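Here is how the chains run, residue by residue.
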Amino acid sequence: APRLDIYRLTFKAALRSGRSSDEEVFHMTNDLIRLAEDFYHSRDHSRCIETARLALAEDPKSYSARDYLIRSLIQDEQWESAERELRELQIYAPNRDVQFLSGFLERKRGNLKKAITHFVNAEKLGRTGAALKREIASCYFHLDQIPEAKKYVLEAMASKKDNRFVIDLAIQIAMREGDEL
């Protein structure tokens, strides 16, 4: 398997360096998905979009590739493309995940009440995690519904104490409240 590792590293290096992804370099679809994830977390949304689309060309039902594609399209304010990809995701992904991403889309558009509805639906359908709680808390915070925001940020902190986004939101809520969490 050392040769396989070398081929995969060569592919990743080629893609990261900006060399054409059309070149005949051995890779696995999972390599593309990991690169899309890396690009997303480094806020390089255009490269994430490009890489996620390459992964989807190889595996059209890849949940992870479409998830990062949708998130990056939303971050890039490509609303119609994000909606189109959400409709595609809805065909094969759990509704709780579609609801979560729909909430993310609406929050980024500034439709906070619609976002809360989607996030709460995702929660009712079984979606869990600090990211969901943080998103709900953020919406309530920006709607100046501080008790609700505090409830959800505390739930997020219970599961992810070291998440900088959760901590930042908790501090903002405490400052608005003139209180300590």
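A short tour of the structure in this document, coming up. Not measured: the values here are computed from a predicted model. (Residues numbered from 1 in each chain as written. Predicted model: local features only at pLDDT ≥ 70, side-chain atom pairs only at ≥ 80, totals over all residues. Heavy atoms only, no water.)

In terms of regular secondary structure, the protein chain is built from 10 helices and zero strands. When the helices and strands of the protein chain are placed in sequence order, the string is α-α-α-α-α-α-α-α-α-α. With 181 residues in all, the protein chain has 42% of them scored as buried. Surface exposure of the protein chain reaches about 10000 Å², of which carbon and sulfur atoms provide 49%. (Helix = DSSP H or I, 4+ residues; strand = E, 2+ residues; numbered from the N terminus. Buried < 20%, exposed > 50% of the residue type's maximum accessible area, 1.4 Å probe, protein only. Areas by Shrake-Rupley, 256 points an atom, 1.4 Å probe, with all protein chains shown as cover.)

Here Pro147 shows up in helix H9 (residues 146-159). For Pro147 and Glu177, which are 30 residues apart along the polypeptide, the C-alpha to C-alpha distance reads 9.0 Å.

Right, let's talk about the packing of helix H4 (residues 63-75) against helix H5 (residues 79-90) for a bit. One can describe the packing of H4 onto H5 by two numbers: an axis separation of 8 Å at closest approach and a directional angle of 160 degrees. Classified by the angle between their axes, H4 and H5 sit roughly antiparallel to one another. Once H4 is placed against H5, the crossing between them reads as left-handed. Contacts from Tyr63, Arg66, Leu69, Ile70, Leu73 and Ile74 in H4 reach Trp79, Ser81, Ala82, Glu85, Leu86, Glu88 and Leu89 in H5. Of the residues in the contact of H4 with H5, the class split is nine nonpolar, one polar and three charged. (Axes fitted to C-alpha atoms, helices over the stretch in contact; angles between N-to-C directions. Parallel < 35°, antiparallel > 145°, perpendicular 65-115°, else oblique. Left-handed = near helix turned anticlockwise from the far one by under 90°. Contact = heavy atoms within 4.5 Å. Nonpolar A, V, L, I, M, F, W, Y, C, P; charged D, E, K, R; others polar.)

A complete count under the given rule lists three aromatic pairs for this structure. Taking the centre distance of 5.8 Å and the plane angle of 50 degrees together, the rings of Tyr40 and Tyr68 count as tilted. Of this pair, Tyr40 sits in helix H2 (residues 29-41) while Tyr68 is found in helix H4, placing the two residues 28 residues apart along the sequence. Across the pair, exposure class does not vary: Tyr40 and Tyr68 are buried alike. Relative to Tyr152, the ring of Tyr140 lies with its centre 6.0 Å away and its plane at 20 degrees, an arrangement referred to as stacked. Of this pair, Tyr140 sits in helix H8 (residues 130-142) while Tyr152 sits in helix H9, and the two are 12 residues apart along the sequence. Of the two residues, Tyr140 and Tyr152, neither departs from the other in class, the shared state being buried. The ring of Phe100 is capped by Arg127, whose NZ or CZ atom sits 4.0 Å from the centre of that ring. Cation over ring: Arg176 sits above Phe141, and NZ or CZ is 4.1 Å from the ring centre. (Phe/Tyr/Trp six-rings, centres within 6.5 Å; stacked < 30°, edge-to-face > 60°. Lys NZ or Arg CZ within 6 Å of the ring centre and 35° of its normal.)

Let's shift gears to helix H3 (residues 45-58). Over its 14 residues, H3 extends 20 Å from the first C-alpha to the last, a length consistent with the 20 Å expected when each residue adds 1.5 Å. Within H3, burial applies to His45, Cys48, Ile49, Thr51, Ala52, Ala55 and Leu56. (Expected span 1.5 Å × (residues − 1).)

Our focus in this paragraph is unusual backbone geometry. Of note, Arg43 is a non-glycine position whose phi angle comes to about 65 degrees, a positive value. Note on placement: Arg43 falls in the loop between H2 and H3. Despite not being glycine, Glu77 shows a phi value in the positive range, around 60 degrees. Judged by relative accessible area, Glu77 falls into the exposed class, the value being 55%.

Pairing is possible between side chains of opposite charge, provided their charged atoms come close. In total, this model carries 13 salt bridges according to the counting rule given. Residue Glu106 is joined to Arg109 by a salt bridge in which the shortest nitrogen-to-oxygen separation is 3.3 Å. Remark: Arg109 and Glu106 occur in helix H6 (residues 95-109); sequence separation between them is three residues, near one turn of the helix. Residue Arg109 is classed as partly exposed on the basis of its relative accessible area, which comes to 28%. Residues Arg107 and Glu135 are paired through a salt bridge, measuring 2.3 Å at the closest nitrogen-oxygen approach. Taken together, the residues Arg107 in helix H6 and Glu135 in helix H8 connect sequence positions 28 residues apart. On the basis of relative accessibility, which here comes to 21%, the residue Arg107 falls in the partly exposed class. (Salt bridge = Lys/Arg side-chain N within 4 Å of Asp/Glu carboxyl O.)

None of this, on its own, says anything about what the molecule does.
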